[in-house]
Amino acid sequence: DPMLDLFVYETLELVSQLENIALSSEKSNAIESQIDEVFRIVHTIKGNAAMMNFENIASLLHSLEDTFYYLRENHPKKVDYSALTDVVLRSIDFIKNEIGKIQSGAAPDGDMSAIVQEIKESLSSLKSNNDLEKQEDKNIALDQQDHNEKQDVSGENHFKALIFFEDNCEMENI
């Protein structure tokens, strides 16, 4: 099946790129500089696996994608990159194993639930650490604001305006 051959070839290429990033970042402890690239690779393999109905590979990559999406969008300060790299490498081993089965004509039927669970737990602890961190930053900002407001005795009036646009108001460019 040419589609299957293409899937195997492309997945092995992408997995090897991912592995290089993971191994080099393990040494430098800096996977964050390549989060966009990791996200792109994971997203591509996930899409291809889903298209080929390899649900276990797709769902494993879906949870990895959630993690890298969170990292990319929120730039949390406290991240255990070595734990992250470990889980990426374990995911890679799982995928390689499944690809090996496909190449030998067997069904890729490995159980990824333990790794998925681990990825989900690491994402939720990442989120809760980051929420704590944001709360601390907010408290510092509020203290600063109180301080500034106490100093403002110049007699000037200050206003805050909050504007909402209704859906379909056709002013989206504003």
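Everything in this summary refers to the structure shown in the same document. (Residues numbered from 1 in each chain as written. Predicted model: local features only at pLDDT ≥ 70, side-chain atom pairs only at ≥ 80, totals over all residues. Heavy atoms only, no water.)

Right, let's get into unusual backbone geometry. Phi at Asn53 takes a positive value of approximately 65 degrees, unusual for a residue other than glycine. Structurally, Asn53 can be placed in the loop between helix H2 (35-51) and helix H3 (55-74). Positive phi is not limited to glycine here, since His75 has a value of about 40 degrees. If you trace the backbone, His75 turns up in the loop between H3 and helix H4 (81-103). (Helix = DSSP H or I, 4+ residues; strand = E, 2+ residues; numbered from the N terminus.)

Under the counting rule described, the total for this entry stands at seven salt bridges. Residues Lys96 and Glu19 are paired through a salt bridge, measuring 2.8 Å at the closest nitrogen-oxygen approach. Placement of Lys96 in helix H4 and of Glu19 in helix H1 (residues 2-28) is noted, with a sequence separation of 77 residues between them. Measuring nitrogen to oxygen at the nearest pair gives 2.8 Å for the salt bridge that ties Asp109 to Lys101. A network of salt bridges, in which partner residues are shared, links Glu98, Lys101 and Asp109. (Salt bridge = Lys/Arg side-chain N within 4 Å of Asp/Glu carboxyl O.)

The subject of this paragraph is the packing of aromatic side chains. Remark: the centre distance and the inter-plane angle together describe each pair of aromatic rings, the angle taken between the planes. Counted by the stated rule, this structure contains two aromatic pairs. Between Phe7 and Phe54 the ring centres are 5.2 Å apart and the planes differ by 55 degrees, which places this aromatic pair in the tilted class. One end of the pair, Phe7, is in helix H1; the other, Phe54, is in the loop between H2 and H3, and 47 residues separate them in sequence. Plain terms: the ring middles of Phe39 and Tyr69 are 6.1 Å apart, the flat faces sit at 45 degrees to each other, and that makes the pair tilted. Taken together, the positions of Phe39 in helix H2 and Tyr69 in helix H3 put the pair 30 residues apart, joining distant regions of the chain. Sitting above the plane of the Phe39 ring, Arg72 keeps its charged end 4.2 Å from the centroid. (Phe/Tyr/Trp six-rings, centres within 6.5 Å; stacked < 30°, edge-to-face > 60°. Lys NZ or Arg CZ within 6 Å of the ring centre and 35° of its normal.)

What follows deals with the environment of Ser113. Within the secondary structure layout, Ser113 lies in helix H5 (residues 113-151). Residue class for Ser113 comes out partly exposed when judged on its relative accessible area of 38%. Remark: the alpha-carbon pair of Ser113 and Ser59, spanning 54 residues in sequence, is separated by 9.0 Å. (Buried < 20%, exposed > 50% of the residue type's maximum accessible area, 1.4 Å probe, protein only.)

Here H2 spans 24 Å end to end across 17 residues, near enough to the 24 Å set by a 1.5 Å rise per residue. Within the sequence span of H2, burial applies to Ile35, Val38, Phe39, Ile41, Val42, Ile45, Lys46, Asn48 and Ala49. Phi turns positive one or two residues past the end of H2, at Asn53, with a value near 65 degrees. (Expected span 1.5 Å × (residues − 1).)

Put simply, H3 and H4 touch, their axes get as near as 11 Å, and they point 155 degrees apart. Compared by their axis directions, H3 and H4 come out roughly antiparallel. Here H3 and H4 pass one another in a crossing that is left-handed. Along the contact surface, H3 presents Asn56, Ile57, Leu60, Leu61, Leu64, Thr67, Phe68 and Leu71, while H4 presents Leu84, Val87, Val88, Ser91, Phe94, Ile95 and Glu98. Of the residues assigned to the contact of H3 with H4, the class counts are eleven nonpolar, three polar and one charged. (Axes fitted to C-alpha atoms, helices over the stretch in contact; angles between N-to-C directions. Parallel < 35°, antiparallel > 145°, perpendicular 65-115°, else oblique. Left-handed = near helix turned anticlockwise from the far one by under 90°. Contact = heavy atoms within 4.5 Å. Nonpolar A, V, L, I, M, F, W, Y, C, P; charged D, E, K, R; others polar.)

Running from amino to carboxyl end, H2 crosses H3 at an angle of 155 degrees, the nearest separation of the two axes being 8 Å. Taken together, the axis directions place H2 and H3 in an arrangement best described as roughly antiparallel. Where H2 crosses over H3, the handedness of that crossing is left-handed. Here H2 contributes Ile35, Asp36, Val38, Phe39, Val42, His43, Ile45, Lys46, Ala49 and Ala50 to the contact with H3, which in turn contributes Glu55, Ile57, Ala58, Leu61, His62, Leu64, Glu65, Phe68, Tyr69, Leu71 and Arg72. Looking at side-chain class alone, the contact of H2 with H3 contains 14 nonpolar, two polar and five charged residues.

Everything listed is a geometric property; what it means functionally is a separate question.
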